[in-house]
Amino acid sequence: MAGGNERSMKTLKEVWRRAENSLCADCGKPDPDWASSTLGVFICLSCSGIHRNIPSISKVKSLKMDHWDDAQVQFLAKHGNAVTKATYEAHIPIYYYQPTYNDCQVLREQWIRAKYERKEFTEPGKQLPYSDGVKEGILWKRGRDNGQFLPRKFLLSEREGCLKYFTKQDAKEPKINIKIDVINATFQPVKIGNPNGLQITYLKDNKTRNIFVYHESGKEVVDWFNAIRSVQFHYLKVAFPIASDNEIKNRLTRNFLKEGYMEKTGPKQREAFKKRWFTLDHRRLMYFKDPLDAFAKGEVFVGSRENGYSVQKGLPSGTQGNFSWHYGLTIVTPDREYLFTCETETDQLDWITAFTSVINQAMTPQEYAIEAYFKFKS
């Protein structure tokens, strides 16, 4: 009996060490140490908690602490992440957002449920709730002035290439009509204060506007998110017919590179530094008085190194403005320097890393046009 158990443990470790099983099957986190004995996948601790909530589909056990009998080990050996993914991820739409371990709980949970519980990706051409090219429903939207969340009707239309919302259910004219190609959407549960909080941003007159929404149902809000990506994808396929699917996929919704508080001073660099909430959305650095403001108080374009942009640790010697945080950084542009301070050295280094990642990328023709607008505006 002991010998059989030793053989099972040896086999389990061998299967566990396969390259295909070195990352969590659901979020890609390295070194997963849990597995599903009914699905045959190796998963991380965080994803195992989601699997535990669908016990009719998945039974999870620790690879280090729990006992695995021979039949369970043989099941894992026959399956593993590659085989199971080939079944449950066989037909994922290219626009569908596949979350990583850095993404929020609602995205990861609905990804796992979509795969294993609803089996949304097992058949080709399956009709999905976010693939119709049109979606209509109620989302709770935060009021711009009073901060209250109220139910609003939203309508997404691929045919019209836009997202609309209405202040009343029976309203004939929308409050806002947003072109689909200027929309970004990113989950913000902490900022919004709701686990299903979604931030929708769009450009109006080349300025960024924020809308904060949520839905009580995690599935519904993730369906809205992927419906936006679906409509964007098909719109861009028409707009850029020679672009590859992967090129278009990279132009869909994106997470912000970095957010958080910094202090800033004005263009004369003699004014007192003021605490502001900053969002780095690729080449747009926006700052707000409050994280939930609808409009940015200002925006800075962050171009490429070859065009004269750089980020430097610290502030220029002789900086006169009063500041309470002492970890400075300077954004150098062809026209001026922007001075900021961070509360901690970790924040300072994280911001410098984020800015550097943008500055090291070559600019696209569209980004040259945006840069020209910023220079004209200033």
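The rules behind these values
- Residues numbered from 1 in each chain as written.
- Predicted model: local features only at pLDDT ≥ 70, side-chain atom pairs only at ≥ 80, totals over all residues.
- Heavy atoms only, no water.
- Core = buried A, V, L, I, M, F, W, Y, C linked by side-chain atoms within 4.5 Å.
- Buried < 20%, exposed > 50% of the residue type's maximum accessible area, 1.4 Å probe, protein only.
- Helix = DSSP H or I, 4+ residues; strand = E, 2+ residues; numbered from the N terminus.
- Domains from an automatic or database assignment.
- Contact = heavy atoms within 4.5 Å.
- UniProt positions renumbered as here; feature names shortened; annotations may be inferred.
- Arc of directions from axis to C-beta.
- Polar contact = N/O pair within 3.5 Å; in protein donor to acceptor, adjacent residues only side chain to side chain.
- Pairing = 2+ DSSP bridges.
- Buried area = accessible area lost by both parts, 1.4 Å probe.
- Salt bridge = Lys/Arg side-chain N within 4 Å of Asp/Glu carboxyl O.
- Phe/Tyr/Trp six-rings, centres within 6.5 Å; stacked < 30°, edge-to-face > 60°.
- Expected span 1.5 Å × (residues − 1).
- Axes fitted to C-alpha atoms, helices over the stretch in contact; angles between N-to-C directions.

What follows concerns the nonpolar core. Residues Ile 43, Leu 156, Ile 183, Phe 187, Leu 198 and Ile 200 are the most contacted members of the largest nonpolar core, which totals 55 residues. Here the element with the most residues in this core is helix H7 (residues 218–239); it accounts for 9 residues. Both domains that furnish three or more residues to this core are identified here as domain 1 (1–117) and domain 2 (134–250). In contact with Phe 187, other than residues within four places in its own chain, are Cys 104, Val 106, Leu 107, Asn 196, Gly 197, Leu 198, Val 221, Val 222 and Phe 225. Among the nonpolar cores identified, the runner-up in size contains 23 residues, and Leu 280, Phe 340, Ile 359 and Met 363 belong to it.

Residues annotated in UniProt with the feature "domain: Arf-GAP" (unreviewed entry) correspond here to residues 6–129. Secondary structure across residues 6–129 divides into 40% helix and 6% strand, with the first and last C-alpha atoms of the span separated by 48 Å.

Attention now moves to the UniProt feature "domain: PH" (unreviewed entry) in the protein. Taking the numbering used here, the UniProt-annotated feature "domain: PH" (unreviewed entry) corresponds to residues 132–233 and 255–360. Between the first and last C-alpha atoms of residues 255–360 the distance is 19 Å; the span itself is 14% helix and 38% strand.

So, on to helix H3 (residues 70–78). Residues Gln 72, Val 73 and Leu 76 constitute the buried set of H3. Taken end-on, H3 shows its buried residues confined to a sector of 100 degrees, consistent with a single buried face. Among the exposed residues of H3, those pointing more than 90 degrees away from its buried face are Ala 71 and Lys 78. The residue sitting at the N-terminus of H3 and contributing the capping side-chain oxygen is Asp 69; that oxygen lies 3.2 Å from the backbone nitrogen of Ala 71.

This brings us to the pairing of strand E14 (residues 298–301). Look at any regular strand and the pattern is simple: side chains alternate between the two faces of the sheet. By the alternation rule, side chains of E14 split into Gly 298 and Val 300 and Glu 299 and Phe 301, which are all buried. The pairing of strand E13 (residues 284–288) with E14 spans 4 bridges and is classified as antiparallel. Counterpart to Leu 285 in the pairing with E14 is Val 300.

Let us now look at the domain arrangement of the protein. Domain annotation of the protein identifies domain 1 (1–117), domain 2 (134–250) and domain 3 (258–376). The gap between the C-alpha centroids of domain 2 and domain 3 is 27 Å. Each partner contributes to the interface: domain 2 provides 15 residues, whereas domain 3 provides 15 residues. Summed over both partners, the interface of domain 2 with domain 3 comes to about 1,300 Å²; 47% of that surface belongs to carbon and sulfur atoms. Looking only at domain 2, the three residues that lose the most surface to domain 3 are Lys 191, Asn 206 and Thr 208, adding up to 43% of its buried area. One salt bridge in this structure joins Glu 259 and Lys 191, with 2.7 Å as the shortest N-O distance. Of all the secondary-structure elements, those providing two or more residues to the side of domain 2 that touches domain 3 are helix H6 (189–192) and strand E10 (207–214). Top contributing element to the side of domain 2 that touches domain 3 by residue count: E10, with 5 residues.

Within the structure shown, the criterion is met by 18 aromatic pairs. For the ring pair Tyr 97 and Phe 225, a centre distance of 5.6 Å and an interplane angle of 80 degrees mean the geometry is edge-to-face. Here Tyr 97 is found in the loop between helix H4 (80–88) and helix H5 (105–117), whereas its partner Phe 225 is found in helix H7, with 128 residues between them in sequence. For the pair Tyr 97 and Phe 225, one class covers both residues: buried. Measuring from ring centre to ring centre gives 5.2 Å for Phe 278 and Phe 340, while their planes differ by 80 degrees; the resulting arrangement is edge-to-face.

Turning our eyes to something else, we now look at the sheet that holds strand E1 (residues 34–36). Ordered by their spatial adjacency, 3 strands build an open sheet running E2-E1-E3, and the pairing between neighbours is antiparallel. Unpaired on one side and paired on the other, strand E2 (42–43) and strand E3 (60–62) mark the two borders of the sheet. Bridge analysis of E1 against E2 gives 2 bridges, and the strand direction is antiparallel. Counterpart to Ala 35 in the pairing with E2 is Phe 42.

Spanning 13 residues, H5 covers 17 Å between terminal C-alpha atoms, matching the ideal 18 Å at 1.5 Å per step. Taken across its 13 residues, H5 has 10 buried, putting it largely inside the fold. For H5, the set of buried residues is Val 106, Leu 107, Arg 108, Gln 110, Trp 111, Ile 112, Arg 113, Ala 114, Lys 115 and Tyr 116. Packing partners of the buried residues in H5 comprise helix H2 (45–52), H4, strand E8 (183–187) and H7.

Glancing now at the side chain of Asn 226. Locating Asn 226 in the fold gives a position in helix H7. Overall, the relative accessible area of 1% leaves Asn 226 in the buried class. Within the structure, Asn 226 has its side chain in polar contact with the backbone nitrogen of Tyr 97 (distance 2.9 Å). Beyond its immediate sequence surroundings of up to four residues, Asn 226 is in contact with Tyr 95, Tyr 96, Tyr 97 and Tyr 130.

A few words now on the sheet that holds strand E5 (residues 149–157). Ordered in space as E7-E6-E5-E4-E10-E9-E8, the 7 strands form an open sheet in which the pairing is antiparallel. At either end of the open sheet lies a strand with only one pairing partner, and these are strand E7 (176–179) and E8. Sheet twist, expressed as the average angle between the axes of neighbouring strands with direction ignored, equals 35 degrees. In this structure, strand E6 (residues 162–166) lies alongside E7, joined through 4 bridges in antiparallel fashion.

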